[in-house]
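Chain residues, written in single-letter form:
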Amino acid sequence: MRVVFVNGNPENAAIWDLLCDELRGTDAVRLSPPGFGAPVPEGFGCTVAEYRDWLVGRLEAIGEPVHLVGHDVGGSTVASVAMKRPDLLRSWVSDSLGVFHPDYVWHDLAQQWQTPGVGEESVARLMGGSLEERAERLMARGIPRPVALRIAPAQGPEMGRAILAFYRSAAQPVMAELGRDLADAAKRPGLAIIGTDDRFVGSEELRRDSAARAGAETAVLRDIGHWWMVQDPARSARTLTSFWAGCEHCCPAGDTG
């Protein structure tokens, strides 16, 4: 079983380390979006549509349908791919479906990044400082120190530019308009991860509503926030493996219909 993981902001693929340790025997592929752990190619604008097309291209190169899991920016990108190219998937998992809801309002940090001048100052603070200082900021958000120390080197001016470009391209009503096609994601089994303490991707009600529109199951992780994969990797792994087990007869490998 091949599983592709896509991280988000302000991270690299190390955010999946603890979870992948729990998923023993899984053929795990970790893809970092440009700017979020991978170099930004020349001419790549780090917009919502470009990230979707980037992921489509990477999945096409794999050459077979995969189980796709996304977090944060990766989570909304995964949902966009599920809407546009379900033939590339066996299943999909996202923790960011709330951003597609018509009532979703971007969180305070995102609104800063979407504001000229204010955004530049904000990402300079977030991406600045020594490796230890950047790791400390990640730890303050609930990311364990060993993982934070692996993420911190990926942060810097390039990630800052990616943050500004992505969130400015995603200012509402852009995401809500994309969410009009959520029903297209139901062509493949989907799972919405709902951490009850996550304050970045909308209320539990909004996330449940978007999941229903996408035909997705919901997995509610009580007392877990935005970084569920490091806050409780064992419970997260059980949630994913249970979902994948239920998908085995839903969309056999090679079915691209």
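Everything that follows concerns the structure shown earlier in this document.
This section reports on the structure supplied with the text. (Residues numbered from 1 in each chain as written. Predicted model: local features only at pLDDT ≥ 70, side-chain atom pairs only at ≥ 80, totals over all residues. Heavy atoms only, no water.)

1. Quick word on the sheet that holds strand E5 (residues 190-195)
Next up, step 1: Strand order in this open sheet of six strands is E2-E1-E3-E4-E5-E6, and the pairing throughout is parallel. The open sheet is flanked by strand E2 (27-31) and strand E6 (217-221), the only strands paired with a single partner. Adjacent strand axes in the sheet meet at a mean angle of 20° when their direction is disregarded.
Next up, step 2: Packed onto the sheet, helix H2 (residues 48-62) meets strand E1 (2-6), E2, strand E3 (66-70) and strand E4 (89-94) and runs at close to 160° relative to E1. (Pairing = 2+ DSSP bridges. Helix = DSSP H or I, 4+ residues; strand = E, 2+ residues; numbered from the N terminus. Axes fitted to C-alpha atoms, helices over the stretch in contact; angles between N-to-C directions. Contact = heavy atoms within 4.5 Å.)

2. A short note on helix H12 (residues 233-247)
Next up, step 1: Over its 15 residues, H12 extends 21 Å from the first C-alpha to the last, a length consistent with the 21 Å expected when each residue adds 1.5 Å.
Next up, step 2: For H12, the full list of buried residues reads Pro233, Ser236, Ala237, Thr239, Leu240, Phe243, Trp244 and Cys247. Viewed end-on, H12 has its buried residues packed into an arc of 160°, placing them on one side of the element. Along H12, exposed side chains directed more than 90 degrees from the buried face belong to Arg238, Ser242 and Ala245. (Expected span 1.5 Å × (residues − 1). Buried < 20%, exposed > 50% of the residue type's maximum accessible area, 1.4 Å probe, protein only. Arc of directions from axis to C-beta.)

3. Details of the pattern of salt bridges
Next up, step 1: With the rule as written, the count across this model stands at 13 salt bridges.
Next up, step 2: For Asp27, the salt bridge goes to Arg2, with nearest N and O atoms at 3.0 Å. In this pair, Asp27 is assigned in strand E2 and Arg2 in strand E1, connecting sequence segments 25 residues apart.
Next up, step 3: A relative accessible area of 35% means that Asp27 is categorised as partly exposed. (Salt bridge = Lys/Arg side-chain N within 4 Å of Asp/Glu carboxyl O.)

Remember, this is a structural readout, not a statement about activity or role.
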